[in-house]
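Spelled out from the first residue to the last, the chains are:
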Amino acid sequence: MFNLKLSDDQEQFQKLAREFAAGEIAPVAESFDHSREFPSSIIARAWEIGLVNFQIPEELGGMGLGTLDSCVILEELAAGCSGIAGAFEASAIAQLPLLAAGGEGQGEAFLLPLLEKPSVAGYASQDATVYDITATRQGSDYLLSGRNTALINGGQAAWYLVIAQDASQPESSSVFIVPAEAPGLSVTGRAESFGRRSRHVCSLSLDAVRLTADNLIGAPGSAGRIIEKILPAMHLMIAAGATGVASRALQHAIEYSRQRQTFGRPIGQHQAVGFILADMAREIEAARLLIRQAALLVDQGAEALDRAAAAKAFAQDVAMKVTTDAVQVFGGFGYSREYPVEKLMRDAKLYQICEQSSLEVKSAHARHLVAAR
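We now turn to the structure provided with this report. This is a predicted model, so every value here is computed, not measured.

## Focus: the overall build of the protein chain
And step 1. When helices and strands are tallied, the protein chain shows 11 helices and 10 strands.
And step 2. Taking 2.2 N^0.38 as the reference for a compact globule, 373 residues should give roughly 21 Å; the C-alpha atoms of the protein chain span a radius of gyration of 21 Å, in line with that estimate.
And step 3. For the protein chain, the spread of C-alpha atoms along the principal axes amounts to about 80 × 50 × 35 Å.
And step 4. For the protein chain, the proportion of its 373 residues judged to be buried stands at 54%.
And step 5. In the protein chain, 73% of the contacts between residues at least 6 apart in sequence involve partners at least 24 apart.
And step 6. Accessible area of the protein chain: about 16,500 Å², with a carbon and sulfur share of 53%.

Have a look at this one:
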């Protein structure tokens with residue numbers, strides 16, 4: 001039996017993130033959506049109250065929060081603006097391999113600096129149109145070369161998580177931490193995104209970047225095992241953000257349905273609109289409960305990939321449907337930049353297709369179900 005009620009501490013994290021999102025993120029969401037600026041100033045304020053890099057273990061001076069805690073926070077931040085929250089989300093995802101498989105001294109080397117000043121991590125996403133990075137062994141060192149066209153938090157992070165194929169064994173891949181200042185590393189361009197526009201996605205080029213064994217996470221060739229281990233938490237963090245966007249869209253739709261009147265009464269009192277709102281609320285709550293159930297399993301060290309995949313695919317599609325329904329509630333105004341729901345619909349679409357689309361997640365989940373015995 002799952003107890004999905006948040007603990008007192010988790011409710012406090014939720015309250016802190018919700019108040020920060022309402023006071024610091026939501027008021028500037030439209031401005032950042034237009035400017036596409038990286039939210040450095042917001043990250044600095046969030047860092048001061050512990051809303052950045054919140055997973056870093058307590059022994060390093062962090063909060064040591066688990067997957068459920070992280071999802072609660074990321075949902076609230078994304079409700080403020082998922083573009084701005086993208087920097088928080090990406091940093092949390094980039095740290096997962098270190099937390100799961102980091103060796104002695106790697107926490108002090110790569111996580112501790114993130115606590116010393118407002119900083120984020122980034123990662124080379126497999127959503128890239130070009131992902132061709134190889135690692136060549138040279139004595140005890142590694143030389144990384146190649147390109148990735150979807151570097152999340154590109155140009156803004158202290159370091160990047162990169163998966164590279166072994167040059168002599170292409171079927172074998174390893175996970176590396178690449179410092180942003182490493183000679184031979186360059187970050188160029190900036191993807192022009194339709195949604196989540198403050199989320200920095202750039203191109204990464206590595207030209208014989210020399211790394212030591214201290215930059216290698218886990219054993220050589222262990223990328224597959226590490227990714228499999230962190231994938232449930234990664235799925236759930238993205239799902240939480242999508243749920244935050246959907247929740248915000250519902251809030252706007254409810255407020256508008258109370259204000260807008262037709263035939264002498266608010267449109268929310270008309271059955272057609274009321275049914276839409278009720279369906280939106282039901283699906284958001286279902287997504288949230290799926291996420292929390294899977295997150296509890298992750299935090300307990302139990303097998304959670306199937307549940308996390310189901311939660312992610314469901315939340316991705318719910319975000320798209322709910323934000324589209326919110327636009328419908330607003331009518332013609334909903335498609336105008338003068339109202340907030342068109343932005344949420346744009347943001348939701350990126351959630352639906354990023355880090356494996358909902359269709360890809362469903363397909364992988366189905367293959368696993370059919371193969372399971």
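That covers the picture; the talk isn't over yet.
## Some points on the nonpolar core
And step 1. Grouped together as the largest cluster of nonpolar side chains are 97 residues, with contacts concentrated most on Leu77, Phe88 and Trp159.
And step 2. Per element, the largest residue contribution to this core is 17 residues, and it comes from helix α7 (residues 223-259).
And step 3. With sequence-adjacent residues up to four places away left out, Leu77 is seen in contact with Ala17, Phe20, Ala21, Ile25, Leu51, Ala85 and Phe88.
And step 4. Core analysis: the second largest hydrophobic core is formed by 19 residues, Ile133, Tyr142, Ala157 and Leu211 among them.

## Quick look at helix α3 (residues 40-48)
And step 1. Inspection of α3 places Ile42, Ile43 and Ala46 among the buried residues, and these make up the whole buried set. The arc that holds every buried residue of α3, seen down its axis, measures 100°, which confines them to one face.
And step 2. Looking one or two residues past α3, Gly50 carries a phi angle of roughly 85°, positive in sign.

## A closer look at the packing of aromatic side chains
And step 1. Applying the stated criterion to the full structure yields 6 aromatic pairs.
And step 2. Between Phe110 and Trp159, the ring centres sit 6.3 Å apart and the planes meet at 70°, which makes this aromatic pair edge-to-face. Taken together, the residues span a long stretch of sequence, with Phe110 in helix α6 (residues 106-116) and Trp159 in strand β4 (residues 159-166) at a distance of 49 residues.
And step 3. Under the relative-accessibility criterion, Trp159 is labelled buried at 4%.
And step 4. Ring geometry for Tyr256 and Tyr339: centres 6.3 Å apart, planes at 85°, overall edge-to-face. Taken as a pair, Tyr256 in helix α7 and Tyr339 in the loop between α9 (305-330) and α10 (341-353) lie far apart in primary sequence, 83 residues in all.
And step 5. Take Tyr256: its relative accessible area is 10%, and that puts it in the buried class.
And step 6. Judged by its relative accessible area of 26%, Tyr339 falls in the partly exposed class.
And step 7. Ring-pair connections join several aromatic residues into one group, and the members of that group are Tyr256, Phe330, Phe333 and Tyr339.
And step 8. Sitting over the ring of Tyr351, Arg196 keeps its end group 4.0 Å from the ring centre.

## What to know about the packing of helix α4 (residues 67-80) against helix α5 (residues 82-101)
And step 1. Between α4 and α5, the shortest axis-to-axis distance is 6 Å and the interhelical angle comes to 150°. Taken as axis vectors, α4 and α5 run roughly antiparallel relative to one another. On the side of α4, the interface is formed by Leu74, Leu77 and Ala78, while α5 contributes Ser82, Ala85, Phe88 and Glu89.
And step 2. In the contact of α4 with α5, the residues fall into 5 nonpolar, 1 polar and 1 charged.

## Regarding empty space enclosed by the protein
And step 1. Evaluation of the coordinates by the stated rule reveals 1 cavity of 30 Å³ or more.
And step 2. Estimated volume of the largest cavity: approximately 50 Å³.
And step 3. Around the largest cavity, the lining residues are Leu68, Cys71, Val72, Glu75, Ala240, Arg288, Ile291 and Arg292.
And step 4. Among the elements that make up the lining of the largest cavity, the one with the highest residue count is α4 (4 residues).

## Section: the pattern of salt bridges
Pairing is possible between side chains that carry opposite charge, provided their charged atoms lie close to one another.
And step 1. Evaluated as defined, the whole model comprises 21 salt bridges.
And step 2. The residue Lys15 makes a salt bridge to Glu19 at a minimum N-O spacing of 2.8 Å. Here Lys15 pairs with Glu19, and both are found in helix α1 (residues 8-25), just 4 residues apart, close to one helical turn.
And step 3. Residue classification places Lys15 among the partly exposed positions, given a relative accessible area of 43%.
And step 4. Residues Arg197 and Glu192 are paired through a salt bridge, measuring 2.9 Å at the closest nitrogen-oxygen approach.

## Focus: the layout of surface pockets
And step 1. Counted as a void, the largest pocket has a volume near 500 Å³.
And step 2. Ala100, Lys229, Ile230, Ala233 and Val298 are, among the 20 residues lining the largest pocket, the residues nearest its centre.
And step 3. Going through the elements one at a time, α4, α5, α7 and α8 (271-299) are the ones with two or more residues in the lining of the largest pocket.
And step 4. With 5 residues, α7 is the largest single contributor of residues to the lining of the largest pocket.
And step 5. Of the residues assigned to the lining of the largest pocket, the class counts are 11 nonpolar, 5 polar and 4 charged.
And step 6. The volume enclosed by the second largest pocket comes to roughly 370 Å³.
And step 7. Lining the second largest pocket we find 21 residues, and of these Ala191, Ser193, Arg199, Val201 and Leu350 sit closest to its centre.
And step 8. Of all elements in the fold, only β3 (141-152) and α10 reach the threshold of two or more residues within the lining of the second largest pocket.
And step 9. Broken down by element, the lining of the second largest pocket gets its largest block of residues, 4 residues, from α10.
And step 10. Split into classes, the residues belonging to the lining of the second largest pocket amount to 9 nonpolar, 5 polar and 7 charged.

About the criteria used
Counting starts from 1 at the beginning of each chain's written sequence and moves along it residue by residue. Reporting in this predicted model follows two pLDDT cut-offs: at least 70 for local features of residues, and 80 or more for side-chain atom pairs to be given and counted; totals over whole chains, interfaces and linings ignore these cut-offs and use all residues. As a convention, hydrogens and water are excluded, and side-chain values are obtained from all of the structure's heavy atoms. A run of H or I in DSSP counts as a helix once it spans at least four residues, and a run of E counts as a strand once it spans at least two, with each numbered from the N terminus. We take the radius of gyration over the C-alpha atoms and set the globule estimate at 2.2 Å times the residue count to the 0.38 power. Partly exposed residues are those whose accessible area sits between 20% and 50% of the maximum for their type, while under 20% is buried and over 50% is exposed, using a 1.4 Å probe and protein chains only. For this analysis, residues touch if any pair of their heavy atoms sits within 4.5 Å. The accessible surface values rely on the Shrake-Rupley method and a 1.4 Å probe; as for residues, cover is taken only from the protein chains in view. By convention a nonpolar core is built from buried Ala, Val, Leu, Ile, Met, Phe, Trp, Tyr and Cys residues, the set being connected through side-chain atoms within 4.5 Å. As used here, the arc belongs to the directions running from the helix axis to the C-beta atoms. Aromatic contacts are taken between Phe, Tyr and Trp rings whose centres are within 6.5 Å, Trp giving its six-membered ring; a plane angle under 30 degrees counts as stacked, one over 60 as edge-to-face, and the others as tilted. Any Lys NZ or Arg CZ that is within 6 Å of a ring centre and within 35 degrees of that ring's normal is treated as a charge sitting over the ring. Interaxial angle, 0 to 180 degrees, is taken between N-to-C directions of lines fitted to C-alpha atoms, where a helix line uses only the stretch in contact. Oblique is the label for every angle not falling under 35 degrees (roughly parallel), over 145 degrees (roughly antiparallel), or within 65 to 115 degrees (roughly perpendicular). In this count, Pro and Cys sit with the nonpolar residues alongside Ala, Val, Leu, Ile, Met, Phe, Trp and Tyr, while Asp, Glu, Lys and Arg are called charged and the others, Gly among them, polar. Lining residues are defined by having an atom within 4 Å of a point belonging to a cavity or pocket. Those points lie on a 1 Å grid over the protein atoms alone, cavities being sets where a 1.4 Å probe fits but cannot get out and pockets being open sets with protein on both sides within 12 Å along at least five of seven lines. Grid points are joined across faces, edges and corners, and a volume is the space filled by probe spheres set on the points. Salt bridge, as applied in this entry: a Lys or Arg side-chain nitrogen positioned within 4 Å of an Asp or Glu carboxyl oxygen.

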